[in-house]
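# Breakdown of the fold
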Amino acid sequence: MQKVIITGGTGYIGSHTVVEFQNAGFEVVVIDNLSNSIIEVLDGIEKITGIRPIFYQVDVTEQKDLEIVFQKHGDAVAIIHFAAYKAVGESVQEPLKYYHNNIQGLLNVLSNMLKYDIPNLVFSSSCTVYGQPDKLPVTEDTPVVKPESPYGNTKKINEEIIDDTINSSENLCAISLRYFNPIGAHTSAYIGELPLGVPDNLLPYITQTAIGLRKELSVFGDNYNTPDGTAIRDYINVCDLAKAHVFAVKRLLNNVLKYEIFNIGTGKGSSVMEIIKAFETSTGQKLNYKIVDRRAGDIEQVWADTSKANKVLGWKAEVSLDETVKSAWEWEKKVKRD
Ligand code: UFG
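Conventions and cut-offs
Residues numbered from 1 in each chain as written. Predicted model: local features only at pLDDT ≥ 70, side-chain atom pairs only at ≥ 80, totals over all residues. Heavy atoms only, no water. Helix = DSSP H or I, 4+ residues; strand = E, 2+ residues; numbered from the N terminus. Contact = heavy atoms within 4.5 Å. Buried < 20%, exposed > 50% of the residue type's maximum accessible area, 1.4 Å probe, protein only. Pairing = 2+ DSSP bridges. Right-handed = clockwise from strand over helix to strand, strands pointing away. Core = buried A, V, L, I, M, F, W, Y, C linked by side-chain atoms within 4.5 Å. Near = heavy atom within 4 Å. Polar contact = N/O pair within 3.5 Å; in protein donor to acceptor, adjacent residues only side chain to side chain. Areas by Shrake-Rupley, 256 points an atom, 1.4 Å probe, with all protein chains shown as cover. Nonpolar A, V, L, I, M, F, W, Y, C, P; charged D, E, K, R; others polar. 1 Å grid on protein atoms, 1.4 Å probe; cavity = no way out; pocket = protein on both sides within 12 Å on 5 of 7 lines; lining within 4 Å. Points joined across faces, edges and corners; volume = space filled by probe spheres on them.

## Examining the side chain of His16
Structurally, the position occupied by His16 is in helix 1 (residues 12-23). Residues within four places of His16 in sequence aside, it is in contact with Ala185, His186, Ile191, Gly192, Val238, Cys239 and Ala242.

Laid out in structure tokens, this is it:
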């Protein structure tokens, strides 16, 4: 059985990715410091797949602790590196925390990969590296700009660090996946998104409003230059997104190219109002919302050109927006909060 190490494997995207690797017949080792997730996520994974992944509560910025895991699992064929902070607003308030965690974490992962001769890396990047592109949809050749936030900048810098490290090493190969907006939960509702405190992101805010935890959703701006005036994003089902990592590892195992980048989205943009409508139609829940001012730092619209991922990686988003939004609601109804 081939082994992969998944850092951040109890997080939102990480946990869904563990499930997809187990379903594809890989042995999975999870590393997570549980700073933004809970240990019970492993129970959810086990309920879905029947397998509990090997788990280390380790902070990727702690090189000594991390190395112990690499020493033990130097036979892994690939690392999927998720472990990072991800709150855009917080990164503006505390940039050093973000630069330290997100960059030191990658540096440690890469140096251990070199030391223990683990050849393949899949890195979780973001469409935030494109900023507001002039031309839509965005392809992987769309110029990368200085991102709006320190969080986004860590993604851009990390892509560059990976590129330089790959060029300096004969054996190391990598794929960066630039995610658009991941939403939804596993259809079993055993795992899903678990935001701490008030959610920043649209879908968890919607489901928490519908369940009564929040009074109403604020729609940030209805005066954008879009058909209904609200901002547009490419919302991708989290299980579809998770599967893209399995495709990426399989491609790396075929030794095709040293370093590649793929957009991972649906190829279709949806406005905030369209997401609200999709939620109301697919769940039968009426949502309280009001229009407020634009949120600082938000871009107007972005969606992916996914033809490279479709043709080269052989991956395609499959789950519909309605099903995805419904899965987020099923998860919200099931999740227990202390
Ligand atoms: N929105 C609302 N109300 C809310 C929350 C969001 O109207 O309460 C709107 C936003 O203004 C935006 C859309 O919903 O138009 C999506 O917002 P999210 O916060 O869900 O997602 P973003 O597109 O802002 O951010 C996401 C990821 C980031 C990543 C970024 C890249 O969360 O990690 O995409 O573009 F950097």
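So, next bit.
## Some details on the pairing of strand 1 (residues 3-7)
For strand 1, the buried fraction is high: 5 of the 5 residues fall into the buried class. In this structure, strand 1 lies alongside strand 2 (residues 27-32), joined through 5 bridges in parallel fashion. In the sheet register, Thr7 faces strand 2, and the bridge partner there is Ile31. With respect to chirality, the unit in which strand 1 leads through helix 1 into the neighbouring parallel strand 2 is right-handed. Looking at chain direction, strand 1 and strand 4 (residues 78-81) are connected through 4 bridges and run parallel. Directly across from Ile5, in strand 4, lies its bridge partner Ile79.

## Side note on the nonpolar core
Among the nonpolar cores identified, the biggest contains 37 residues, and Val4, Ile6, Phe21, Ile80, Leu177 and Ile264 are the most heavily contacted of them. With residues up to four places along the chain from it excluded, the contact list for Leu177 reads Val122, Phe123, Ser124, Ser125, Ser126, Ala244, His245, Phe262, Ile264 and Leu313. Val60, Ile79, Ala174 and Tyr259 belong to the second largest nonpolar core, which has 28 residues in total.

## Quick look at the site of the ligand
The local shell around the ligand holds 20 residues, among which Asn201, Leu202, Ser218, Arg233 and Asp298 are the closest. For the ligand, an oxygen atom lies 3.4 Å from a polar atom in the backbone of Asp200. A distance of 2.5 Å is found between an oxygen atom of the ligand and a side-chain nitrogen or oxygen belonging to Asp298. Within the complex, 89% of the 690 Å² of free accessible area of the ligand lies under protein. In terms of residues, the shell around the ligand owes the most to one element, strand 8 (residues 217-220), which gives 4 residues. Across the shell around the ligand, the residue classes break down as 11 nonpolar, 5 polar and 4 charged.

## Some points on the environment of His81
Turning to its location among the elements, His81 is positioned in strand 4. Note on His81: relative accessible area 1%, which makes it buried. When the C-alpha atoms of His81 and Ile31 are compared, they prove to be 9.5 Å apart, with 50 residues separating the residues in sequence. Sequence-distant contacts of His81, that is, excluding residues within four places in its chain, are made with Thr7, Val60, Gly105, Leu106, Val109, Leu121, Val122, Phe123 and Ser124. A polar contact of 2.7 Å, which involves the side chain of His81, links it to the side chain of Thr7.

## Digging into empty space enclosed by the protein
Evaluated as defined, the whole model comprises 2 cavities of 30 Å³ or more. In this structure, the largest cavity spans a volume of roughly 100 Å³. Contributing to the lining of the largest cavity are 11 residues, with Glu193, Pro204, Thr207, Ala328 and Trp331 lying nearest its centre. At the level of secondary structure, the elements contributing two or more residues to the lining of the largest cavity comprise helix 7 (202-210) and helix 11 (321-334). A class-by-class count of the residues in the lining of the largest cavity yields 6 nonpolar, 2 polar and 3 charged. Of the pockets and cavities examined, the second largest cavity occupies roughly 30 Å³. Lining the second largest cavity, in full, are His81, Phe82, Ala83, Ala84, Asn102, Phe123, Ser124, Lys155 and Asn158. Looking at the lining of the second largest cavity residue by residue, the class counts come to 4 nonpolar, 4 polar and 1 charged.

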